[in-house]
Amino acid sequence: QKPAKEVMDMRRRVNIIQRYSDRTHSSLECLREIADIQPDGVDLVSFEYKRASGPPTVTINAQAVNVALVYTFKTSLDASKLFMKGTIKGPFEQKGRQAFQIDMKLPGGAEE
């Protein structure tokens, strides 16, 4: 049992090191992907990256000139290989623009 426990402990440590050294789903990569996808007419108001227990999450708040751009942006984010399918809150009118929030989970984060 002791050798098996040592092997399991070593695997757990290796997984942790790999997860934290892999920058594929880092906050900067997420922001880069969002900026690449963001259509003209959509302004990013805030960006929040959370990496606690469980899968990392990204929350963006944005404003668009019209409702069609909101859903175009959401559809493009859902098609991204970086994010899992997101949820949207809104859009609702705010000072003549369409305000909305999108929450997206990223793969990973669970300890194997």
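Structure: see above.
Quick summary incoming for the structure in this document. Computed from a predicted model, the values in this text were never measured in an experiment. (Residues numbered from 1 in each chain as written. Predicted model: local features only at pLDDT ≥ 70, side-chain atom pairs only at ≥ 80, totals over all residues. Heavy atoms only, no water.)

It is generally the case that most residues other than glycine have a negative phi and that most peptide bonds are trans. A cis amide bond, omega 5°, links Gly90 with the succeeding residue Pro91. Inspection of the secondary structure assignment puts Pro91 in strand S3 (residues 87–94). (Helix = DSSP H or I, 4+ residues; strand = E, 2+ residues; numbered from the N terminus.)

Moving on, we come to the nonpolar core. Membership of the largest hydrophobic core comes to 18 residues, with the highest contact counts inside it found for Ile34, Val58, Phe73, Leu77, Phe83 and Phe100. Where this core is concerned, the elements lending two or more residues are helix H2 (27–37), strand S2 (57–64), helix H3 (67–79) and strand S4 (97–105). With near-sequence residues (within four places) excluded, Ile34 lies in contact with Phe47, Val58, Ile60, Phe73, Leu77, Phe83 and Met104. (Core = buried A, V, L, I, M, F, W, Y, C linked by side-chain atoms within 4.5 Å. Buried < 20%, exposed > 50% of the residue type's maximum accessible area, 1.4 Å probe, protein only. Contact = heavy atoms within 4.5 Å.)

Before going further, it helps to spend a moment on the packing of aromatic side chains. Inspection of every chain in the model, using the stated rule, returns one aromatic pair. Between Phe73 and Phe100, the aromatic rings sit 6.3 Å apart at their centres with planes inclined by 80°, giving edge-to-face as the arrangement. Placement of the pair is Phe73 in helix H3 and Phe100 in strand S4, with a sequence separation of 27 residues. Take Phe73: its relative accessible area is 1%, and that puts it in the buried class. Overall, Phe100 belongs to the buried group, its relative accessible area being 2%. (Phe/Tyr/Trp six-rings, centres within 6.5 Å; stacked < 30°, edge-to-face > 60°.)

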